[in-house]
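Listed below, chain by chain, are the residues.
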There are 2 protein chains.
Amino acid sequence: MSQERRLPGNADNHPGAIALHERPLVLDVDGTLILADSEQWNEPRPLLGAAEFLTALREMGRPFLLLTNGTARTPDDYVERLQAAGLDVRPGELLTPAVVAAELLVHHYPGEPVFVLGDNGTRQPLAARGIRLLDRSEATAARIVFVGWAPALTYEDLTAAARAIWQGAEFWTAVTARALAAQGGRAPAMGGAIMAAVAHVTATQPRLIGKPAPEALEVAARSLRTPLHELVMIGDDLEIDVSMARRAGCSAILVRTGTDRDAPADAADLSVENLSELLSLIKGNRRHYS
Amino acid sequence: MSQERRLPGNADNHPGAIALHERPLVLDVDGTLILADSEQWNEPRPLLGAAEFLTALREMGRPFLLLTNGTARTPDDYVERLQAAGLDVRPGELLTPAVVAAELLVHHYPGEPVFVLGDNGTRQPLAARGIRLLDRSEATAARIVFVGWAPALTYEDLTAAARAIWQGAEFWTAVTARALAAQGGRAPAMGGAIMAAVAHVTATQPRLIGKPAPEALEVAARSLRTPLHELVMIGDDLEIDVSMARRAGCSAILVRTGTDRDAPADAADLSVENLSELLSLIKGNRRHYS
């Protein structure tokens, strides 16, 4: 582990350190690329160096993906929002827990029907991969019940989900979060609330698909055609981003622009003030450190 | 404790036993007086001896109240339903957790505003006692957030409830149940689901007002103008009815017509097959046992 925490410049000489000049990257969104009000969709503020960072990655031909925990919107919606903030992100470059779930289903549960407690942001990525989504009336035939963000939980949907789980369906959730930081103060995480309601009623704990579950990094590695341990996760949250990387056996870089601004330097394999500093390290990697 | 479990006929000679011929009674409803499908409101089936039992209590001038855990309807709705099943129950003779909450609020939180996550069955008993119920827009001023049955949980209501609790409001719930037995199989307890959602988001455990919390028996004792320990609770559920009586220091009679048909004889202070047998014991109390 001590090798993992060495400065990036050591990468050339020490295989355990982060080889910043060659590894595929997975970037968190909120607190890493943008700061936004979770309740106000529009006008997120790009963080220092974020736009230049993505542009430089593309120019260097460095493979990367973005990973957010949201299921309130579709991946294309999130991409458009980032584009509107001046970030060069393209369709297919952003993973949500619904995208991760879709990949897990396609590869490990082919043909199995799913009952979704969630809105279009949860449903669309599954439908796009040809997964059979059940109506409420046929929910008891579900192999999996998948909870994401929804504007409300109705008794009818809760009953359908509970009966499916009582009959043996697996219980997956995009999120377990309690609350989100928003400009207007703390805001409840509705997906987490629905998850808790279903968990209470069925006395069943869900399988978490969103961060910090390592599944997203497995899907990212497959998509980037790289071995999992080669991935470097970049994020602002120790309990979510860095923890996920550790669970998956990947390296983790903490950016101090979001949740964990005051984390100790050794909390991740590398800590930087912002993406601007990280870009300097990547560009100057061989020159400054080797 | 052993005295408490003696046969009722011993009451005349042993002060610890249940004096069946004189104590005020609190009766559970579902599984004790009726069997019903929780999803089908109409046509509950009265249980053996239930109609005769209530009629006899009234003829004997024996004080009694009914206590259910439901907040999906108003107390008057529940009374009408029991009347339709042939039971002589009258308005004001049935307590729900919302009635209990209203009494607690009037006596211990006079004038304090309440934010209700619940439908009319939860709201009406509070409004009837003059308690100030807050709209969603003013929920952060609430002293208490009270969860009961509602047909849905919306993000807006969850946000209002969470912000009130984050700002210091107490969190009360009518119910913590996971599910209810229904003719169509198990059905989720929506009040319990909403409770769990709020508890998760706020990381706060609620104060339970419904059974088996002893508060209902305190309110019943006040209403029946009797010392709490004089009350005898009659119900079909060990974990709910008998447990509540124990917590309140009251005697408990188990009727084997509902949830705990196979409980051992000493699980309560007295166990009977049905209310018909219990009525015989009460009527024949002095004659048969003293």
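What you are looking at is a predicted structure, and each value in this text was computed from that prediction instead of being measured.

Novice: Would you mind showing me how to read the pairing of strand S9 (residues 170-173) of chain B here?
Specialist: The side chains of a regular strand alternate, residue by residue, between the two faces of the sheet. Pairing between strand S7 (residues 144-147) of chain B and S9(B): four bridges, direction parallel. Each bridged residue has a counterpart across the sheet, and for B:Val145 the counterpart in S9(B) is B:Phe171.

Novice: Sorry if this is basic, but what is going on with the environment of B:Ala152 here?
Specialist: Looking at the element boundaries, B:Ala152 is found in strand S8 (residues 152-154). Exposure remark for B:Ala152: the relative accessible area of 27% places this residue in the partly exposed category. For the pair B:Ala152 and B:Gly118, spaced 34 residues apart in sequence, the C-alpha to C-alpha distance is 8.8 Å. Other than its neighbours up to four places away in sequence, B:Ala152 contacts A:Leu153, A:Thr154, B:Met190 and B:Ile194.

Novice: Teacher, can you tell me more about the relation of the copies chain B and chain A here?
Specialist: For the pair chain B and chain A, the superposition axis carries a translation of 0.0 Å, the fit reaches an RMSD of 0.0 Å, and the rotation angle comes to 180°. Viewed as a symmetry operation, the transformation between the two copies matches a two-fold axis. In this assembly the copies share their binding face: 100% of the residues contributing to the interface of chain B also contribute to that of chain A.

Novice: Honestly, the packing of aromatic side chains in this entry has me stumped. Any pointers?
Specialist: Two numbers describe a pair of aromatic rings. These are the distance of the centres and the angle of the planes. Considering all chains together, one arrives at two aromatic pairs over all chains under this definition. Between A:Tyr109 and A:Trp172, the ring centres sit 5.4 Å apart and the planes meet at 80°, which makes this aromatic pair edge-to-face. Taken as a pair, A:Tyr109 in the loop between helix H3 (97-108) and strand S6 (114-117) and A:Trp172 in strand S9 (residues 170-173) lie far apart in primary sequence, 63 residues in all. A residue is classified by how much of its surface remains accessible, and A:Trp172, at 0% relative accessible area, is buried. The ring of B:Trp166 has A:Arg186 lying over it, and the distance from NZ or CZ to the ring centre is 4.3 Å.

Novice: For this particular structure, what's the right way to read the environment of B:Arg81?
Specialist: With respect to the element layout, B:Arg81 can be found in helix H2 (residues 75-84). The spacing of B:Arg81 and B:Pro44 is 37 residues in sequence and 7.8 Å in space, taken between C-alpha atoms.

Novice: Can you walk me through the packing of helix H3 (residues 97-108) of chain B against helix H7 (residues 215-223) of chain B in this structure?
Specialist: Between two packed helices, both the angle of their axes relative to each other and the distance between the axes serve to describe the pair. All names here are of chain B. Between H3 and H7, whose axes approach to 9 Å, the crossing angle comes to 70°. In terms of orientation, H3 and H7 fall into the roughly perpendicular class. On the side of H3, the interface is formed by Val100, Glu103, Leu104, His107 and His108, while H7 contributes Glu215, Ala216, Val219 and Arg222. Split by residue class, the contact of H3 with H7 holds four nonpolar, two polar and three charged.

Novice: Looking at this structure, I do not really get the interface of chain B and chain A. What am I missing?
Specialist: Often the size quoted for an interface is simply the accessible area lost on bringing the parts together. On the side of chain A, 31 residues touch chain B, which itself brings 31 residues to the contact. Carbon and sulfur atoms make up 61% of the surface buried where chain B meets chain A, a total of about 2,600 Å² over both sides. Sorting the residues of chain B by area buried against chain A places B:Tyr155, B:Pro188 and B:His200 first, and these three jointly supply 28% of that buried surface. The tally of links between chain B and chain A comes to zero salt bridges. Elements with a contribution of two residues or more to the side of chain B that touches chain A: S8, helix H5 (155-166), strand S11 (185-188) and helix H6 (190-202) of chain B. It is H6(B) that provides the largest number of residues to the side of chain B that touches chain A, a total of nine residues. In terms of residue class, the side of chain B that touches chain A is built from 20 nonpolar, seven polar and four charged. Two elements, strand S8 (residues 152-154) of chain A and S8(B), share three bridges in a ladder whose sense is antiparallel. Bridge pairing in S8(B) links A:Leu153 to B:Leu153.

Novice: Quick question: what am I supposed to make of the sheet that holds strand S6 (residues 114-117) of chain B here?
Specialist: Adjacent strands of a sheet pair through backbone hydrogen bonds, lying either parallel or antiparallel. Residue and element names in this part refer to chain B. Taken in spatial order, the four strands of this open sheet run S6-S7-S9-S12, and their pairing is parallel. Edge positions in the open sheet fall to S6 and strand S12 (207-208), since each of these has one partner strand only. H3 rests against S6, S7, S9 and S12 of the sheet, and its axis sits at about 165° to S7.

Novice: What's the story with the pairing of strand S14 (residues 251-255) of chain A in this structure? I'm lost.
Specialist: All names here are of chain A. Among the five residues of S14, five are classified as buried, and the element is accordingly described as predominantly covered. Neither face of S14 is left uncovered, since the one carrying Ser251, Ile253 and Val255 and the one carrying Ala252 and Leu254 both have all their residues buried. As judged from the four bridges shared by strand S13 (residues 232-235) and S14, these two strands associate in the parallel manner. Within S14, the residue paired with Ile234 across the bridge is Ile253. Handedness of the crossover joining S13 and S14 through helix H8 (residues 238-248) is recorded here as right-handed.

Novice: Teacher, can you tell me more about the packing of helix H6 (residues 190-202) of chain A against H6(B) here?
Specialist: Running from N to C, H6(A) and H6(B) point in directions that differ by 130°, and their axes come no closer than 7 Å. Taken together, H6(A) and H6(B) sit at an angle that is classed as oblique. Relative to H6(B), the crossing made by H6(A) is right-handed. Of H6(B), the residues touching H6(A) (which contributes A:Gly192, A:Ala193, A:Met195, A:Ala196, A:Ala197, A:His200 and A:Val201) are B:Gly192, B:Ala193, B:Met195, B:Ala196, B:Ala197, B:His200 and B:Val201. Of the residues that constitute the contact of H6(A) with H6(B), the class distribution is ten nonpolar, four polar and no charged.

Novice: So what exactly am I meant to see when it comes to helix H5 (residues 155-166) of chain A here?
Specialist: Note on helix geometry: an α-helix contains 3.6 residues per turn, so any two residues three or four positions apart are oriented the same way. All names here are of chain A. Between its first and last C-alpha, H5 extends 16 Å over twelve residues, near the 16 Å set by a 1.5 Å rise per residue. In terms of burial, H5 is largely enclosed, as nine of its twelve residues are buried. What H5 keeps buried is the set Tyr155, Leu158, Thr159, Ala160, Ala161, Ala162, Arg163, Ala164 and Ile165. Directly after H5, the chain includes Gly168, whose backbone phi takes a positive value near 115°.

Novice: Looking at this structure, I do not really get the sheet that holds strand S4 (residues 64-67) of chain B. What am I missing?
Specialist: Residue and element names in this part refer to chain B. Strand order in the open sheet formed by six strands is S5-S4-S1-S13-S14-S15, and the pairing between neighbours is parallel. A strand with exactly one partner marks an edge of an open sheet, and here the two such strands are strand S5 (94-95) and strand S15 (270-272). Pairing geometry for strand S14 (residues 251-255) and S15, over three bridges, is parallel. Within S15, the residue paired with Ile253 across the bridge is Leu270. Of the strands in this sheet, strand S1 (25-28), S4, strand S13 (232-235) and S14 are in contact with helix H8 (residues 238-248), which crosses S14 at around 160°.

Definitions and cut-offs
- Residues numbered from 1 in each chain as written.
- Chains lettered and ligands numbered in written order.
- Predicted model: local features only at pLDDT ≥ 70, side-chain atom pairs only at ≥ 80, totals over all residues.
- Heavy atoms only, no water.
- Pairing = 2+ DSSP bridges.
- Helix = DSSP H or I, 4+ residues; strand = E, 2+ residues; numbered from the N terminus.
- Buried < 20%, exposed > 50% of the residue type's maximum accessible area, 1.4 Å probe, protein only.
- Contact = heavy atoms within 4.5 Å.
- Least-squares fit on C-alpha atoms with pLDDT ≥ 70 in both.
- Phe/Tyr/Trp six-rings, centres within 6.5 Å; stacked < 30°, edge-to-face > 60°.
- Lys NZ or Arg CZ within 6 Å of the ring centre and 35° of its normal.
- Axes fitted to C-alpha atoms, helices over the stretch in contact; angles between N-to-C directions.
- Parallel < 35°, antiparallel > 145°, perpendicular 65-115°, else oblique.
- Nonpolar A, V, L, I, M, F, W, Y, C, P; charged D, E, K, R; others polar.
- Buried area = accessible area lost by both parts, 1.4 Å probe.
- Salt bridge = Lys/Arg side-chain N within 4 Å of Asp/Glu carboxyl O.
- Right-handed = clockwise from strand over helix to strand, strands pointing away.
- Left-handed = near helix turned anticlockwise from the far one by under 90°.
- Expected span 1.5 Å × (residues − 1).

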